[in-house]
Amino acid sequence: MPYAVVVGVDGSEPSAAAAEWAAREAHRSGRPLRLLHVGGTGSPAPGEPDTGGEPLPPSVLATRDHLASVLPGLELTCDQVPGNPAYALAAAGGRDGLLVLGSRGLGGFAGLLVGSVSLRVAGHANCPVVVLRAGADGQGEDSGDVVLGLDSDQACPDLIAFAFEQAAARGATLRVLESRKVPAGPYSAEGVVYQPEVREALEAAELTRLQEALAPWREKHPEVRVQAELTAWSAGRALVEASRSACLTVVGRRRPRLHPAAPWLGSVTHAVLHHAHGPVAVVPHD
């Protein structure tokens, strides 16, 4: 049985939008979809499944029924579990599933619109987490590139594989961005003179290294058009800007080695989650 696409639902508009996105992803990938509501301790309503808690909110049931009607062939379940939302959702996807979350945007600063639950889940989960940021402008679209932020010095197989698989499933171009500062003027920071041809050779060498990091996955997915780019911008700024025309922006998050319970997103992933213009996938890796 394929691992499920799990989406957190609470009846809010952001969670309904996340459920729509998750349903399309499950349908496209042939995975079952699991709607998960965290909360409740009572008995289920007559005729409803035993959720392990009080009756599911009518808005959650409405989301379930809507998805079942528009995608009748989709394997769909709707569950309720007690506990802390962040920890329950982080555990729900296991290591091989996919978690999808909306954000209520409860922060007090304009533009910083990812809620604490989404941040905690993205920092704790062992599977990829897709966050649809509240107020972003490309959440319902499946057109556009898949954008991957990559450091070719630490090219993680899980991160690259996920981005290639998403691009292949969508028939999308995979746009790979790496932030590299190649000397832009006639002098380096150390005062060494760089002729234009030397600078061009340095840029070509960096781009070659990036292409080599992608080579194994290009062989595995020859159907995916890959556009590899170096940018002098900071990684966070470049990815946020690229997300304007992306159907999905993919970033990595290293699993902590010494303190597994401690969430760690990193400054680039944190910035992209808060400011991207469309869905962001956070892929944990060792």
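Throughout what follows, the structure given in this document is the object of discussion. Because the structure is a prediction, the values reported are computed rather than measured.

A few words now on the packing of aromatic side chains. This structure, assessed with the given rule, holds 0 aromatic pairs. Stacked on the ring of tryptophan 233, the Lys or Arg arginine 237 has its end atom at 3.8 Å from the ring centre.

A word on helix α7 (residues 235-242). Of all the residues in α7, the buried ones are Gly236, Ala238, Leu239, Val240 and Ala242. As for α7, its buried residues are in contact with β6 (145-149), β7 (174-179), β8 (226-231), β9 (246-254) and α8 (267-275).

What follows covers the sheet that holds strand β2 (residues 33-38). Strand pairing in a sheet takes place through backbone hydrogen bonds and is either antiparallel or parallel in direction. Across the sheet, 10 strands lie side by side as β3-β2-β1-β4-β5-β10-β9-β6-β7-β8; this open sheet has mixed pairing. The open sheet has two edge strands, β3 (76-81) and β8, and neither has a second partner. The average angle at which neighbouring strand axes cross in this sheet is 25°, direction not considered. Of the pairings in the sheet, the one linking β6 to β9 comprises 4 bridges and is parallel in character. In the sheet register, leucine 148 faces β9, and the bridge partner there is valine 250.

Now for the pattern of salt bridges. Enumeration according to the criterion identifies 13 salt bridges in this entry. Put simply, arginine 170 and glutamate 25 hold a salt bridge, and the shortest N to O gap is 3.4 Å. Of the two residues, arginine 170 sits in helix α5 (residues 157-170) while glutamate 25 sits in helix α1 (residues 13-29), which places them 145 residues apart along the sequence. On the basis of relative accessibility, which here comes to 14%, the residue arginine 170 falls in the buried class. A salt bridge links arginine 175 to glutamate 229, with the nearest nitrogen and oxygen atoms 2.7 Å apart. With arginine 175 in strand β7 and glutamate 229 in strand β8, the pair connects residues that are 54 residues apart, well separated along the chain. Here glutamate 229 falls in the buried class, since its relative accessible area comes to 18%. Three or more residues are tied together by salt bridges with common partners; here these are Asp151, Asp153, Glu178, Arg180, Glu206 and Arg209.

The next point concerns the nonpolar core. Among the nonpolar cores identified, the biggest contains 47 residues, and Val7, Leu33, Val100, Leu174, Leu214 and Val250 are the most heavily contacted of them. Top contributing element to this core by residue count: α5, with 7 residues. Val38, Val240, Ala276 and Val282 belong to the second largest nonpolar core, which has 30 residues in total.

All right, on to the environment of valine 283 then. Position of valine 283 among the secondary structure elements: in strand β10 (residues 280-285). Between the alpha carbons of valine 283 and asparagine 126 there is a distance of 8.4 Å; along the sequence they are 157 residues apart. When near neighbours in sequence (up to four residues on either side) are disregarded, valine 283 contacts Pro128, Asp158, Leu159, Phe162, Val250, Val251, Gly252 and Arg253.

Residue placement: serine 118 occurs in helix α4 (residues 116-124). Not counting residues up to four positions away in its chain, the partners in contact with serine 118 are Leu101, Gly102, Ser103 and Val131.

How each quantity is defined
Residues numbered from 1 in each chain as written. Predicted model: local features only at pLDDT ≥ 70, side-chain atom pairs only at ≥ 80, totals over all residues. Heavy atoms only, no water. Phe/Tyr/Trp six-rings, centres within 6.5 Å; stacked < 30°, edge-to-face > 60°. Lys NZ or Arg CZ within 6 Å of the ring centre and 35° of its normal. Buried < 20%, exposed > 50% of the residue type's maximum accessible area, 1.4 Å probe, protein only. Helix = DSSP H or I, 4+ residues; strand = E, 2+ residues; numbered from the N terminus. Contact = heavy atoms within 4.5 Å. Pairing = 2+ DSSP bridges. Axes fitted to C-alpha atoms, helices over the stretch in contact; angles between N-to-C directions. Salt bridge = Lys/Arg side-chain N within 4 Å of Asp/Glu carboxyl O. Core = buried A, V, L, I, M, F, W, Y, C linked by side-chain atoms within 4.5 Å.

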